[in-house]
Amino acid sequence: MIGEIKINDVVKIFGDRDEEKVTALNGVNFTVPAGSFVSLIGPSGCGKTTLLRCIAGLEKVSSGSIEVDGQVITEPGDDRGFAFQQANLFPWLTIRDNISFGLKARKIYKDKKDSVDEFIELTGLKGFENAYPHQISGGMNQRASLARALVGHPKILLLDEPLGALDAFTRMNMQDEILRIKKEHNMTMCMVTHDVDEAVYLSDYVVVMSARPARVEKIIRIDLSHPRARKQDVFLKYRTQILEILDFAGQLKEVEYTI
């Protein structure tokens, strides 16, 4: 099986000699097993997205290393797909053209053309492929964003809160869609989320991170089969455990929300 990610004592510092330096990641160590679903959760601004971008090769680590299947990551690669928090579709392109944009930019569209139809079908967009983003719902736009990330058949899918802007019911439906895609393609998925229930519902492992500079507080294995019931006792126990680590359980305190 392919798609193992190893984060080895990663430090990320922003700023240079003329700027105030900010340490975003401070000695982060963990492994994402091949074929697993791992969620990164922690306080807002702690460095979760920075770590995801380092895995994608969009940011360079200051020290330490990140490996995919034993190869050190130094730049973006087609073995890693990235789904952003916002769909970020081109409004002047149809859904089909948005999904196939990366393939055309890499000049491999002719070889991968069948994949476009495959992921239009897989993400439930058949019948809407010739629509423009403003003509379909936010949930459908997020489906298109996922299809765009998946169309090159990456072995790893990185998700940066891709469901955060959706309403509750659409969000739950999209969670099930993500699980279905993962099962059908047996890929590794790593997701940033602020939603504890979402992390427990989707994940094989939840990596709880500290406030900035981020380090790993605890890695929790979610030993539940799918489909999962959000009201079952063991689900709620995992939820409470994560909240206690985040120091939010059992008390009222001011929380900073990002909308």
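Just above, that's the structure.
Residues numbered from 1 in each chain as written. Predicted model: local features only at pLDDT ≥ 70, side-chain atom pairs only at ≥ 80, totals over all residues. Heavy atoms only, no water.

Some words on the packing of helix α3 (residues 109–122) against helix α5 (residues 168–185)
And then number 1: Running from N to C, α3 and α5 point in directions that differ by 135°, and their axes come no closer than 11 Å. Judged by the inter-axis angle, α3 sits oblique to α5. For the pair α3 and α5, the contacting residues are E118, F119 and L122 in the first and E177, R180, I181, E184 and H185 in the second.
And then number 2: Class assignment of the residues belonging to the contact of α3 with α5 gives a composition of three nonpolar, one polar and four charged. (Axes fitted to C-alpha atoms, helices over the stretch in contact; angles between N-to-C directions. Helix = DSSP H or I, 4+ residues; strand = E, 2+ residues; numbered from the N terminus. Parallel < 35°, antiparallel > 145°, perpendicular 65-115°, else oblique. Contact = heavy atoms within 4.5 Å. Nonpolar A, V, L, I, M, F, W, Y, C, P; charged D, E, K, R; others polar.)

Remarks on the environment of R143
And then number 1: By the secondary structure assignment, R143 is in helix α4 (residues 138–150).
And then number 2: C-alpha separation for the pair R143 and L163, spaced 20 residues apart in sequence, amounts to 9.9 Å.

Remarks on the sheet that holds strand β5 (residues 71–72)
And then number 1: With antiparallel pairing, the four strands of this open sheet are ordered in space as β2-β1-β4-β5. The sheet is open, and its two edges are formed by β2 (22–32) and β5, each paired on a single side.
And then number 2: Bridge count for strand β1 (residues 5–14) against β2 is eight bridges, and the pairing is antiparallel. In the sheet register, V11 faces β2, and the bridge partner there is N26. (Pairing = 2+ DSSP bridges.)

Considerations on α3
And then number 1: The terminal C-alpha atoms of α3, which comprises 14 residues, lie 18 Å apart, in line with the 20 Å expected from a rise of 1.5 Å per residue.
And then number 2: Among all positions in α3, only Y109, S115, V116, F119, I120 and L122 are buried.
And then number 3: The inward-facing, buried residues of α3 abut α2 (95–105), α4 and α5.
And then number 4: Looking one or two residues beyond α3, the residue adopting positive phi is G124, at roughly 75°. (Expected span 1.5 Å × (residues − 1). Buried < 20%, exposed > 50% of the residue type's maximum accessible area, 1.4 Å probe, protein only.)

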